[in-house]
Every structure is written in structure tokens, then in C-alpha cells.
Amino acid sequence: MHINPAANEASPWYTHRWPWLLMLGPVTVLVGGAFATWLALGHPDAMVVDDYYKQGKAINQDLRRDRVASAMQLALQLRYEGGRLQGRITSFGRPLAVPFTVRLAHPTLPQRDLSLLVRPDAEGAFSVSLPVLEQTHWQLAVEGNLRDWRLARSWDWPRQAALEIVADQP
């Protein structure tokens, strides 16, 4: 028996701190789940491909182009300075003066990939204007205009100021 009659009256649940403290965990999980859902739906993974069979066939095609580059004994030297990609390309030790494409693939963001059409002079030298390169680990692919040969390598710019790619010997 209580001496104070007011002690028999229970105060409403929301005036106590314990229900709020116990609800904090599930509310945190709900907010975190909503954020994870928004993140997953708003930023799709760009590295997942839809057609694996087609990608597998493309890998075989790339290997054929690598073998053609080896048969041509292609060599490429390049460097990036002052907003320009400069270099020289040779075949059998002689200058190669045919147009080709340089593709710089960003490791995670395909919208930052770059594709440049290069027209070397009679000495195989070229210089192409290029926007400021992001400091990252680029994947570089140099391809003939007919996509008949390919040189590929990763390029950790700016740690590697200059890059040389020599096709493997057959």
C-alpha cells in the first residue's frame, strides 16, 4: 500500500526514456536499409555485363588482335605533358604512319573513358590534345583504325610519366 495516492497513477509510456531507447535500434536499421536501397538503385554497377557469351567471343577477338600486333612487332612510346599526349609508334623498328585509336578506360567510371583518333606524321610521331587526366590507374588500349591490331597495358599516371608498350614476340 502506497502512502502517496499519485504513485498509483502510471504516467504515459512516451514520457519514459526506455521505450525510446529500445526503439532506437530498429529505427536505425530502417534508416540504414532505406539509405542502402537508395544507393543501390541510384548508382547501378557499371561493370556488370549483360551478354557474357558475346564478351567471351570478344576476348578471343582481342587475343587475335594482340597476335597481329606481335607479328607486326609494334612498339609505342608515349607521355602526357601539358595537356598533350605525345609519342611515337613503330612497326619492325620503322615509323608507322597510319591513323590509330587510343582508348583510355577509367577503372570504375565509364563516363570518364576517353577515345582519341591519332594521326601520326611520317616519322610515326604524334601529339594529341587531351583534357586533364585524372590521377588514377588507367587501362590503355591502342588499336588500328580497322581494329585489326591492338596494344594494351595499364598506366598508373602520374607515377608513370612515360609509357612504353612493346608487342610480345610471336
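You'll find the structure just up there.
A few points on the structure. All of these numbers come straight from a predicted model, not from anything done at the bench. (Residues numbered from 1 in each chain as written. Predicted model: local features only at pLDDT ≥ 70, side-chain atom pairs only at ≥ 80, totals over all residues. Heavy atoms only, no water.)

We now examine the packing of aromatic side chains. Overall, the coordinates contain six aromatic pairs when judged by the stated rule. Ring plane angle 85 degrees and centroid distance 5.9 Å describe the contact between Trp13 and Tyr14, whose orientation is recorded as edge-to-face. Plain terms: the ring middles of Phe100 and Phe126 are 5.5 Å apart, the flat faces sit at 85 degrees to each other, and that makes the pair edge-to-face. Of the two residues, Phe100 is situated in strand 4 (residues 100–105) and Phe126 in strand 6 (residues 125–129); the sequence distance between them amounts to 26 residues. By relative accessible area, which is 0% here, Phe100 ends up buried. An aromatic cluster is defined as three or more aromatic residues linked by ring pairs; in this entry it consists of Trp13, Tyr14 and Trp20. (Phe/Tyr/Trp six-rings, centres within 6.5 Å; stacked < 30°, edge-to-face > 60°. Helix = DSSP H or I, 4+ residues; strand = E, 2+ residues; numbered from the N terminus. Buried < 20%, exposed > 50% of the residue type's maximum accessible area, 1.4 Å probe, protein only.)

A separate point is the sheet that holds strand 4. Pairing is antiparallel in the open sheet, where four strands are placed in the order 5-4-7-8. A strand with exactly one partner marks an edge of an open sheet, and here the two such strands are strand 5 (114–118) and strand 8 (150–157). The average undirected angle you get between the axes of adjacent strands in this sheet is 20 degrees. (Pairing = 2+ DSSP bridges. Axes fitted to C-alpha atoms, helices over the stretch in contact; angles between N-to-C directions.)

All right, on to the nonpolar core then. Ranked by internal contacts, the top residues of the largest apolar core, which has 27 residues, are Trp149, Leu151 and Trp155. Elements represented by at least two residues in this core include exactly strand 1 (74–81), strand 2 (84–91), strand 4, strand 5, strand 6, strand 7 (136–144), strand 8 and strand 9 (162–166). Counting residues per element, this core draws most heavily on strand 1, at four residues. The residues touching Trp149, leaving out its near neighbours within four places in the chain, are Arg65, Val68, Ala69, Met72, Leu74, Ile89, Leu96, Phe100, Val142, Glu143 and Gly144. (Core = buried A, V, L, I, M, F, W, Y, C linked by side-chain atoms within 4.5 Å. Contact = heavy atoms within 4.5 Å.)

This paragraph deals with helix 1 (residues 17–42). Taking 1.5 Å of rise per residue, 26 residues should cover 38 Å, and helix 1 covers 37 Å from first to last C-alpha, within 8% of that figure. Within helix 1, the axis deviates most sharply at Leu24, by approximately 30 degrees, and proline Pro26 lies no more than four positions further along. (Expected span 1.5 Å × (residues − 1). Bend = angle between axes of the 7 residues up to and from the residue.)

Our focus in this paragraph is the side chain of Thr90. Looking at the secondary structure, you find Thr90 in strand 2. Ignoring sequence-local partners within four residues, the contact set of Thr90 consists of Gln73, Leu74, Ala75, Pro95 and Leu96.

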